[in-house]
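Here's the letter readout for the chains.
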Amino acid sequence: MKVAYFTGIRKLELADRPRPEPQRPDDVLVRIDRVGVCGSDVHYYVNGHIGDQMLHYPATLGHECSGTVVAMGRAVRNLQPGDRVAIDPALVCGRCDQCRAGRPNTCRKLRFMGNAGEEPGALAEYCVLPAENCFAIPDSMTLDQAVLAEPLSVGLYAVRLAELTPNLAVGILGSGPIGLSVLLAAKAVAPGRAYVTDLIDRRLAAARTCGADWTSNAAAADVVHQMLAREPDGLDVVFECSGDPRCIDQAMAALKPGGLLVIVGIPAQQRVDFDVHVMRRKELTFKNVRRQRGCVAPVIELIADRRLNPDPMLTHRFPLSAAAQAFELVAGYGDGVIKAVIELHAE
Ligand SMILES: [Zn+2]
Ligand SMILES: [Zn+2]
């Protein structure tokens, strides 16, 4: 089978490797059909690290994927060969204090697909995964929608963490795949007034398609001033989805006293500073999102019930042989790209 490897900064190569086999009774062999290019993959592609997490070359990559079940161990009950599945890329131990406390997303032994030194990446023609990481999707759902289940689950988890209730004024700073995922999840479960900013007009247009009530380009306007003109009391909740530290300041300025900032974006830098006195005087709450927990199945249900339509997020499609082009496109924000997907096998 073909497997993609990072072999250096901005270097991606395909190699032939033997197809893996299910080892444990609860293992599933999945033919990978779609892999999404994530901002975090692109951090690795461009910088070779995320914070202090370094890549060692050659390294496999990718964690957003959907596919088709080929074979499984004898203990697997919930799946059959031919089932199409969305995949949760976080493999957890189920036994540590964090897992026992219902926090598998901070499992002490968590192994994430395609993360430096952890599980093999998803950008391969076949993967072996525990059955509990594979979620069968209904016939009404496409493999394209299933590959978006991972970023969408992060969006839904952020919305749940914010304990969002209907009719709130919500800011979403950054309208890439994660910002759009937060927007779609918020509109699906607790519709309110959604104010979305970005630096790229094409992404703001996608936000409007996904239900944003108002959008503005932060490169061209004082977005804090604009949002406060519409919400004089300030925003109830702001989701930072850009990774740009300037957005932390914008969020703090736009929030009402007692407001909540949810940090979802991944900054490129190691340290970020902010005005602690604004936080103190307004008694703001900061919450940080670590990927997601328990939100893949609910996202599948929301898509299947047509309460959430993620299709506007997917803008570009590449064959496996052009995977490097997909990474270059996303790294350079080229051609209005939002989510680029690599198609390994057609539906
Ligand atoms: Zn991702
Ligand atoms: Zn654990």
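Everything numeric in this text was worked out from a predicted model, so none of it was measured.

**Some words on the environment of Glu-163**
Mapped onto the elements, Glu-163 comes out in the loop between α4 (149-161) and β13 (169-173). Looking at Glu-163, the relative accessible area reads 60%, which means it is exposed.

**As for the coordination of the zinc ion (ligand 2)**
Within the first shell, the zinc ion (ligand 2) binds the protein through Cys-93 (SG), Cys-96 (SG), Cys-99 (SG) and Cys-107 (SG), at distances of 2.3 to 2.4 Å. Coordination at the zinc ion (ligand 2) is tetrahedral, judged from the 4 donor atoms that bind it and the angles of 104 to 118° they form at the metal. Mapping the donors of the zinc ion (ligand 2) onto the primary sequence yields the spacing C-x2-C-x2-C-x7-C. Residue Cys-93 is found in the loop between β9 (90-91) and α2 (97-100), and its partner Cys-107 is found in the loop between α2 and β10 (111-112); the two are separated by 14 residues along the sequence. Side by side, Cys-93 and Cys-107 carry an identical accessibility label, which is buried.

**A look at the coordination of the zinc ion (ligand 1)**
Here the zinc ion (ligand 1) is held by the protein donor atoms Cys-38 (SG), His-63 (NE2) and Glu-64 (OE), which lie 2.2 to 2.5 Å from it. Mapped onto the sequence, the residues coordinating the zinc ion (ligand 1) show the spacing C-x24-H-E. Pair noted here: Cys-38 is in the loop between β3 (27-36) and α1 (39-47) and Glu-64 is in strand β7 (residues 64-72), with a separation of 26 residues, a long-range link. With respect to class, Cys-38 is no different from Glu-64; both count as buried.

**Overview of the pattern of salt bridges**
The tally for this structure, following the rule as stated, stands at 17 salt bridges. We note a salt bridge from Arg-24 to Asp-27, for which the minimum N-O separation is 3.3 Å. Its relative accessible area of 2% is what places Asp-27 among the buried residues. Taking the shortest distance from any N to any O, the salt bridge between Asp-236 and Lys-256 comes out at 2.8 Å. Residue Asp-236 is found in strand β16 (residues 235-240), and its partner Lys-256 is found in strand β17 (residues 255-263); the two are separated by 20 residues along the sequence.

**Details of the sheet that holds strand β6 (residues 59-60)**
Here 3 strands make up an open sheet; going across it, the order is β2-β1-β6 and the pairing antiparallel. Each having just a single partner strand, β2 (11-16) and β6 make up the two edges of the open sheet. Pairing between strand β1 (residues 2-8) and β6: 2 bridges, direction antiparallel. Paired with Tyr-5 across the two strands is Thr-60, which belongs to β6.

**Focus: the nonpolar core**
Among the nonpolar cores identified, the biggest contains 52 residues, and Leu-164, Leu-183, Phe-239 and Val-262 are the most heavily contacted of them. Ranked by residue count, the leading element in this core is α4, at 8 residues. Not counting residues within four places of it along the chain, the set of residues in contact with Leu-164 comprises Val-159, Val-170, Ala-186, Ala-190, Val-237 and Phe-239. In this structure, Val-37, Ile-87, Leu-123 and Ala-131 belong to the second largest nonpolar core, which totals 43 residues.

**Focus: unusual backbone geometry**
Residue Pro-58 is reached from Tyr-57 by a cis peptide bond, and omega for that bond is -10°. Here Pro-58 is to be found in the loop between β5 (53-54) and β6. Even without being glycine, Glu-163 reaches a positive phi, approximately 50°. Residue Asn-167 is not a glycine yet carries a positive backbone phi of 70°. Tracing the backbone through its elements, the reader meets Asn-167 in the loop between α4 and β13. Of the residues examined, Asn-167 reaches a relative accessible area of 59% and is grouped as exposed.

How each quantity is defined
Residues numbered from 1 in each chain as written. Chains lettered and ligands numbered in written order. Predicted model: local features only at pLDDT ≥ 70, side-chain atom pairs only at ≥ 80, totals over all residues. Heavy atoms only, no water. Helix = DSSP H or I, 4+ residues; strand = E, 2+ residues; numbered from the N terminus. Buried < 20%, exposed > 50% of the residue type's maximum accessible area, 1.4 Å probe, protein only. Donors = N, O, S within 2.8 Å, 3.2 Å for Na, K, Ca; no water. Tetrahedral: all angles 85-135°; square planar, octahedral: opposite > 155°, others 65-115°. Salt bridge = Lys/Arg side-chain N within 4 Å of Asp/Glu carboxyl O. Pairing = 2+ DSSP bridges. Core = buried A, V, L, I, M, F, W, Y, C linked by side-chain atoms within 4.5 Å. Contact = heavy atoms within 4.5 Å.

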